[in-house]
Amino acid sequence: MQILDGIKLSKEIKQEIKLKVESYKEQGKRVPHLGAILVGNDGASRTYVDNKIKDCNYVGFESSELILEDTITQEELIAKIQEWNNDSNLDGFIVQLPLPKHIDQEAVINAIDPNKDVDGFHPMNFGKMALEMETFLPATPYGIMEMLERYKVPTAGKHTVVIGRSRIVGRPMSILMSKNGNPGNSTVTLTHSKTEDLAKYTKEADIVITALGVPEFLKADMIKDGAVIVDVGITRVDDPTSPKGYKLAGDVDFENVKEKASWITPVPGGVGPMTRAMLLKNTLLAYNKNN
Ligand code: BQF
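Quantities reported herein were computed from a predicted structural model and do not represent experimental measurements.

In the numbering adopted here, UniProt assigns the feature "binding site: NADP(+)" (unreviewed entry) to G164, R165, S166 and I234. Following the sequence through the fold, R165 ends up in the loop between β5 (159-163) and α7 (170-178). Filtering out sequence-adjacent residues up to four positions away, R165 remains in contact with G170, R171, L190, T191, H192, S193 and K194. Only 3.5 Å separates the side chain of R165 from the side chain of H192, close enough to count as a polar contact. With respect to the helices, strands and loops of the structure, I234 is situated in the loop between β8 (228-231) and β9 (235-238).

Below you can see the structure in the form of structure tokens.
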């Protein structure tokens, strides 16, 4: 078993970006600028946004943070988004998900200028991705592709089974793994909550990508020897021994599955750090496209 180390790789990527920013500065150019909108004060969302801002500081990007009350109306939020769409100082921005229940997530995503949509969630960008045109890829699928590429994990001709069909992870992942390129050229099965006998598919898989959110769901007897296992699950589970009172649990029964897998991502320290690094890559792409 070999570990797909997202911490190590994300550090390398951040270092590459940092060097690019230094060279822009030397050329007298402005630096890339990322914005983040947070609605409400959910603890996990707060942490995610804080970390995105920290990452910007680390690589030398400018960043802007807008924290809005969870009582804000959808119209008010969309008005803020339009302000940021028209702000030529801002290369790209994200609206941290999930949003409060009274706000229609789809309407909000649709309001973002596709050229500033560094999360790659706008339907225009999803469509471009599906058509294999250059665009912002959603950060988690992008991070997984980057990881497979940098570790030279073979994907062509392999059977990839994706568990979960969310707009942000599972579905885009299924599209990217089947694209004509490297990584890609996989034969993809997209499984979901209505799939009958899921293990029938996972046992046949050369690559399993699980984005379910059920701790330790994927057991050793559900995979074949030498399979590549990518764990996108990050559920907070109580842990009184940790200072935070919780720990992160993946979808994979890591201790047992790792004995059978050829490559495996840990949780924490696998896909999550790659997700963070890819937001920076997308911001760099926005900077280069909009300049
Ligand atoms: C790690 C996210 C669900 C809903 C909204 C590192 C992250 C997570 C885990 C992280 C996520 C998940 C993010 C680890 C960003 C990934 O070491 O395992 C980093 O920061 N993520 C988000 O912004 O919104 C979410 C998951």
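On to the packing of aromatic side chains, then. Aromatic ring pairs: the centre-centre distance and the angle between the two ring planes describe each pair. Applying the stated criterion across every chain, the model contains three aromatic pairs. Consider the rings of W84 and F93, whose centres lie 5.4 Å apart with planes at 85°: the pair is edge-to-face. Exposure remark for W84: the relative accessible area of 11% places this residue in the buried category. Across the ring face of Y58, the terminal group of K18 is positioned such that the distance to the ring centre comes to 4.5 Å. The ring of F136 is capped by K289, whose NZ or CZ atom sits 4.6 Å from the centre of that ring.

Before going further, it helps to spend a moment on the sheet that holds β8. With respect to topology, six strands assemble into an open sheet ordered β1-β11-β8-β7-β5-β6, the strand pairing being parallel. Strand pairing shows two members of the sheet lacking a second neighbour, β1 (2-3) and β6 (187-191), which therefore form its edges. One ladder, built from two bridges, connects β1 with strand β11 (residues 263-264); its direction is parallel. Residue pairing for β11: I3 is matched across the bridge by I264. Contacting β5, β6 and β7 (207-210), α7 runs over the sheet at an angle of about 170° to β6.

Below, the discussion takes up helix α2 (residues 43-59). End to end, α2 covers 25 Å across 17 residues, agreeing with the expected 24 Å (1.5 Å per residue, within 8%). On its buried face, α2 is in contact with α1 (6-26), β2 (33-39), β3 (62-68), β4 (92-95), β9 and α10 (271-290). Looking one or two residues past α2, G60 carries a phi angle of roughly 95°, positive in sign.

Reading the values: the criteria
- Residues numbered from 1 in each chain as written.
- Predicted model: local features only at pLDDT ≥ 70, side-chain atom pairs only at ≥ 80, totals over all residues.
- Heavy atoms only, no water.
- UniProt positions renumbered as here; feature names shortened; annotations may be inferred.
- Helix = DSSP H or I, 4+ residues; strand = E, 2+ residues; numbered from the N terminus.
- Contact = heavy atoms within 4.5 Å.
- Polar contact = N/O pair within 3.5 Å; in protein donor to acceptor, adjacent residues only side chain to side chain.
- Phe/Tyr/Trp six-rings, centres within 6.5 Å; stacked < 30°, edge-to-face > 60°.
- Buried < 20%, exposed > 50% of the residue type's maximum accessible area, 1.4 Å probe, protein only.
- Lys NZ or Arg CZ within 6 Å of the ring centre and 35° of its normal.
- Pairing = 2+ DSSP bridges.
- Axes fitted to C-alpha atoms, helices over the stretch in contact; angles between N-to-C directions.
- Expected span 1.5 Å × (residues − 1).

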